Amino acid sequence: MEINEKQTGITVINGKNKSIKTSKRINKRKCDTESGPSKNGEKDAFDVLARLLHTTAFELKEEAVTLFVSKITSKLKKVLIRQNLNLKEVKKVFDDTKSLMIGGIAVAPIYLPACAKTSKKYSLSEINVGVLIDFPFGESPFKTKIASVRQCQKVGADEVVVTLPKALFAEEHKKTLKKQLKKLSKSFELDVGVAVEITNLAEKDIKHVLKATMQSKVDFLVFEFGQASANEVIEKLELISKYKGKQKIRILANAETVESVSALMKYDIDQILTPFADDIARSLFERFNLKIKKGN
């Protein structure tokens with residue numbers, strides 16, 4: 001049975017209870033902080049700093065919470081692939097991305113012109129816009145992929161994610177894979193990442209994917225999880241962590257909650273691409289009663 005820490009007043013660590021004596025010390029420090037100066041005459045650090053900065057301890061604490069919330073939201077990227085949004089709705093996505101401190105937007109190629117227009121018209125160039133090319137299976141000819149990357153660069157995308165078919169990572173296609181990765185990593189000015197659907201990849205395949213992309217020096221690698229269960233995702237992440245080295249790894253998955261994002265961040269993930277990025281960020285702001293700054 002799960003022990004509710006709030007009900008017992010005792011913190012549980014690794015299945016063992018801290019001593020009641022320790023809990024009493026913690027509660028005493030809390031009372032001291034709330035009641036004002038400590039025994040040595042020093043006030044709470046927030047009060048001291050607030051006085052130096054001519055502000056309030058409350059505002060400082062809110063800024064501190066906002067900073068740590070942004071460490072989560074900046075890891076998110078909003079996936080936008082539904083092909084029925086108008087320009088006004090695209091503008092709202094930009095506004096939400098900015099006000100909720102989300103790390104950027106990953107869009108289907110059809111949305112790139114609208115994103116470029118929105119960015120320029122409303123001075124939102126700080127919003128990172130990435131394009132998902134040949135998502136989700138990577139079945140288009142390689143020449144088509146290259147043409148799409150060139151077009152994205154011309155229109156003004158910040159980065160592209162090119163999905164490659166899983167079959168390309170088989171041993172018999174080793175030379176073709178190396179050639180394509182080299183072309184992608186050295187031919188463009190914008191950042192280029194490679195994506196592969198990971199759900200059915202065995203350990204040796206994951207190791208091969210990581211090694212091949214690392215040697216090619218593409219800017220980052222995206223693993224697409226599709227409809228994988230939570231246990232399958234964790235199992236794959238354990239393998240990725242085992243072989244990834246210093247490579248930047250991103251995850252494209254239907255992460256829907258703060259808790260699921262937190263679980264992914266444990267594995268040193270560079271970024272999490274999810275259609276629910278704005279919902280997750282907004283829930284964090286609401287949970288900690290933070291103000292959401294309105295867009296332009």
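That block above? That's the structure.
A short note on the packing of helix H8 (residues 174-186) against helix H9 (residues 203-216)
Reasoning step 1: One can describe the packing of H8 onto H9 by two numbers: an axis separation of 9 Å at closest approach and a directional angle of 45 degrees. Between H8 and H9, the angle falls in the class oblique. For the crossing formed where H8 meets H9, the hand is right-handed. Residues Leu177, Leu181 and Ser185 of H8 touch H9, and the partners they reach there are His208, Ala212, Thr213 and Ser216.
Reasoning step 2: Each residue belonging to the contact of H8 with H9 can be placed in one class, and the counts come to 3 nonpolar, 4 polar and no charged.

Topic: the sheet that holds strand E7 (residues 191-197)
The strands that make up a sheet pair up through hydrogen bonds in the backbone, lying either parallel or antiparallel.
Reasoning step 1: Judged by pairing direction, the barrel is parallel, and its 8 strands sit side by side in the order E3-E4-E5-E6-E7-E8-E9-E10 before closing back on the first. Taken over all neighbouring pairs, the strand axes of this sheet differ in orientation by 25 degrees on average, direction set aside.
Reasoning step 2: Bridging between strand E8 (residues 220-224) and strand E9 (residues 249-252) involves 4 bridges; their strand directions are parallel. Bridge assignment links Val222 to a residue of E9, and that residue is Arg250.
Reasoning step 3: Sheet contacts for helix H5 (residues 87-99): strand E3 (76-80), strand E4 (105-107) and strand E5 (129-133); angle to E4, the most-contacted strand, approximately 150 degrees.

Reading the values: rules and limits
- Residues numbered from 1 in each chain as written.
- Predicted model: local features only at pLDDT ≥ 70, side-chain atom pairs only at ≥ 80, totals over all residues.
- Heavy atoms only, no water.
- Axes fitted to C-alpha atoms, helices over the stretch in contact; angles between N-to-C directions.
- Helix = DSSP H or I, 4+ residues; strand = E, 2+ residues; numbered from the N terminus.
- Parallel < 35°, antiparallel > 145°, perpendicular 65-115°, else oblique.
- Left-handed = near helix turned anticlockwise from the far one by under 90°.
- Contact = heavy atoms within 4.5 Å.
- Nonpolar A, V, L, I, M, F, W, Y, C, P; charged D, E, K, R; others polar.
- Pairing = 2+ DSSP bridges.

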